[in-house]
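Given next are the chains, with one letter for each unit.
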Amino acid sequence: GAVVSQHPSWVICKSGTSVKIECRSLDFQATTMFWYRQFPKQSLMLMATSNEGSKATYEQGVEKDKFLINHASLTLSTLTVTSAHPEDSSFYICSARDLGQRYEQYFGPGTRLTVT
Amino acid sequence: AQSVTQLDSQVPVFEEAPVELRCNYSSSVSVYLFWYVQYPNQGLQLLLKYLSGSTLVESINGFEAEFNKSQTSFHLRKPSVHISDTAEYFCAGPPGADKLIFGTGTRLQVFP
């Protein structure tokens, strides 16, 4: 149980285009989902916390107009990287928290974004 | 500020040797701690967690970690490592809120 999927697993896009990444909880309901960014050989950096039916809470320094987050249902959150640039190239990982949990998060497999 | 510190960025070890990956935390509130493992180009998998109760927690693949309140540590150990244990290991804990904060990670490299 507690499986989180991400789609796509990797994507290459041209500079200036937008890319949408989906995060789904497959066998549980997640009121809260988290989006992380990971640079090569570095730790995870929390970008935003996404709550179903409300606006996402962004961490300091993360541009909310650049990284649009939508949490439309209890099983789906999306991250859209708008007007992507090469510096946005990174590994994006989402996680989800089960309704009954407070701290434990289940992680997706990640999405590798390369902007050319 | 609350934090999670992993003291070793890399730990090289030979197969079948014991290993310890160190993690220290600072927190003034209730402590919940996690160890996650990340294989190349993959997401994070929960290895084990301490929420309450017994201070020694074990995973199904032979890892264990001990919560030590006096030393504010949650070190990960395995008595005999395998090549397949080669991965990045992250210690994580909540800073008193709903978010997790991660240590900088320790790269475990197991050599034959």
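Keep in mind the model is a prediction, meaning the values are calculated, not measured. (Residues numbered from 1 in each chain as written. Chains lettered and ligands numbered in written order. Predicted model: local features only at pLDDT ≥ 70, side-chain atom pairs only at ≥ 80, totals over all residues. Heavy atoms only, no water.)

**Points about the overall build of chain B**
Secondary structure summary: chain B contains 0 helices and 12 strands in total. Secondary structure of chain B in N-to-C order comes out as β-β-β-β-β-β-β-β-β-β-β-β. Over its C-alpha atoms chain B spans a radius of gyration of 13 Å, differing by no more than 12% from the 13 Å that the globule rule assigns to 112 residues. The burial tally for chain B puts 45% of its 112 residues in the buried class. Considering only contacts in chain B between residues 6 or more positions apart, those separated by 24 or more positions represent 54%. For chain B, the accessible surface area stands at approximately 5500 Å², while carbon and sulfur atoms represent 51% of it. Mean positive and mean negative side-chain charge positions of chain B (7 and 10 charges, respectively) differ by 8 Å. (Helix = DSSP H or I, 4+ residues; strand = E, 2+ residues; numbered from the N terminus. Rg over C-alpha atoms; globule rule 2.2 N^0.38 Å. Buried < 20%, exposed > 50% of the residue type's maximum accessible area, 1.4 Å probe, protein only. Contact = heavy atoms within 4.5 Å. Areas by Shrake-Rupley, 256 points an atom, 1.4 Å probe, with all protein chains shown as cover. Lys, Arg positive; Asp, Glu negative; His and termini not counted. Charge placed at Lys NZ, Arg CZ, Asp CG, Glu CD.)

**Re the interface of chain B and chain A**
In this assembly, 20 residues from chain B lie in contact with 20 residues from chain A. A buried area of about 1600 Å², summed over both sides, lies between chain B and chain A, and 54% of it is on carbon and sulfur atoms. Remark: the boundary between chain B and chain A carries 0 salt bridges. Between the two partners, chain B and chain A, sit 4 residue pairs in polar contact (both at pLDDT 80 or more). Sorting the residues of the side of chain B that touches chain A by element identifies β5 (33–38) and β6 (44–50) of chain B as the ones contributing at least two each. (Buried area = accessible area lost by both parts, 1.4 Å probe. Salt bridge = Lys/Arg side-chain N within 4 Å of Asp/Glu carboxyl O. Polar contact = N/O pair within 3.5 Å; in protein donor to acceptor, adjacent residues only side chain to side chain.)

As far as function goes, none of this settles anything; it's purely spatial.
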